[in-house]
Amino acid sequence: MNREKEERERQPDREQIELYKEKEQEHKERDREQMDIDRNNEDKEKKRSRQLENIIFFVGTAIGGGQIFWASYLLIKDTPIK
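Let me sum up the structure you'll find in this document. Model, not experiment: these values are computed from the prediction. (Residues numbered from 1 in each chain as written. Predicted model: local features only at pLDDT ≥ 70, side-chain atom pairs only at ≥ 80, totals over all residues. Heavy atoms only, no water.)

Now for the overall build of the protein chain. A tally of regular secondary structure across the protein chain gives one helix and zero strands. In terms of C-alpha radius of gyration, the protein chain reaches 36 Å, well past the compact-globule figure of 12 Å for 82 residues. Over its C-alpha atoms, taken along the principal directions, the protein chain stretches across nearly 125 × 10 × 5 Å. Relative to its full complement of 82 residues, the protein chain shows a buried share of 0%. Roughly 8400 Å² of accessible area belongs to the protein chain as shown, and the carbon and sulfur atoms make up 56% of that amount. (Helix = DSSP H or I, 4+ residues; strand = E, 2+ residues; numbered from the N terminus. Rg over C-alpha atoms; globule rule 2.2 N^0.38 Å. Buried < 20%, exposed > 50% of the residue type's maximum accessible area, 1.4 Å probe, protein only. Areas by Shrake-Rupley, 256 points an atom, 1.4 Å probe, with all protein chains shown as cover.)

Next comes the structure, spelled out in C-alpha cells:
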C-alpha cells in the first residue's frame, strides 16, 4: 500500500520530466532547422555576391577595352592629310 502511494506521488514528477524532455527536443529541432535556414541563406548570399563581383569585373573589362580601342583607333585610322 505504501509503495503504491509513493508511485502515485511520483507520477506528476515523471510527467513533468517527460514534458521537459519533449520541449527540449522541440527546441533542438527548431535550432537545427534555424541553423539549416541560416546556412542556406548564407550560401545564397555568397553566390549572389560572387555573381555581382563577376558582373562588375566583366563590365569594367569591357569599359577598359573600349577605351583602349578608342584611343588606339584614332592612331591607326588612315586619314589623308589635306
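Anyway, onward from the coordinates.
For the rest of this paragraph, the subject is the pattern of salt bridges. Pairs may arise between side chains of opposite charge once their charged atoms sit close together. Tallied over the entire structure, the rule returns five salt bridges. The closest approach of N and O atoms between lysine 28 and glutamate 24, which form a salt bridge, is 3.7 Å. Taken together, the residues lysine 28 and glutamate 24, both in helix 1 (residues 2-76) and four residues apart, mark about one turn of the helix. For glutamate 45, the salt bridge goes to arginine 48, with nearest N and O atoms at 3.1 Å. (Salt bridge = Lys/Arg side-chain N within 4 Å of Asp/Glu carboxyl O.)

Here the focus is a negative patch on the surface. Together, Glu18, Glu22, Glu26, Glu29 and Glu33 give the surface a local cluster of negative charge. Along the chain, glutamate 18 falls in helix 1. For glutamate 18, a relative accessible area of 42% corresponds to the partly exposed category. (Patch = residues over 30% accessible without salt bridge, like charges linked within 9 Å, V, L, I, M, F, W, Y side chains within 5 Å. Lys, Arg positive; Asp, Glu negative; His and termini not counted. Charge placed at Lys NZ, Arg CZ, Asp CG, Glu CD.)

On the secondary structure map, leucine 19 appears in helix 1. Overall, the relative accessible area of 43% leaves leucine 19 in the partly exposed class. Sequence spacing of leucine 19 and aspartate 38 is 19 residues, and the spatial spacing of their C-alpha atoms is 28 Å.

Let's shift gears to a nonpolar patch on the surface. A contiguous nonpolar patch, built from Phe69, Trp70, Tyr73 and Leu74 and spanning about 480 Å² of accessible area, is present on the exposed surface. Tracing the backbone shows phenylalanine 69 in helix 1.

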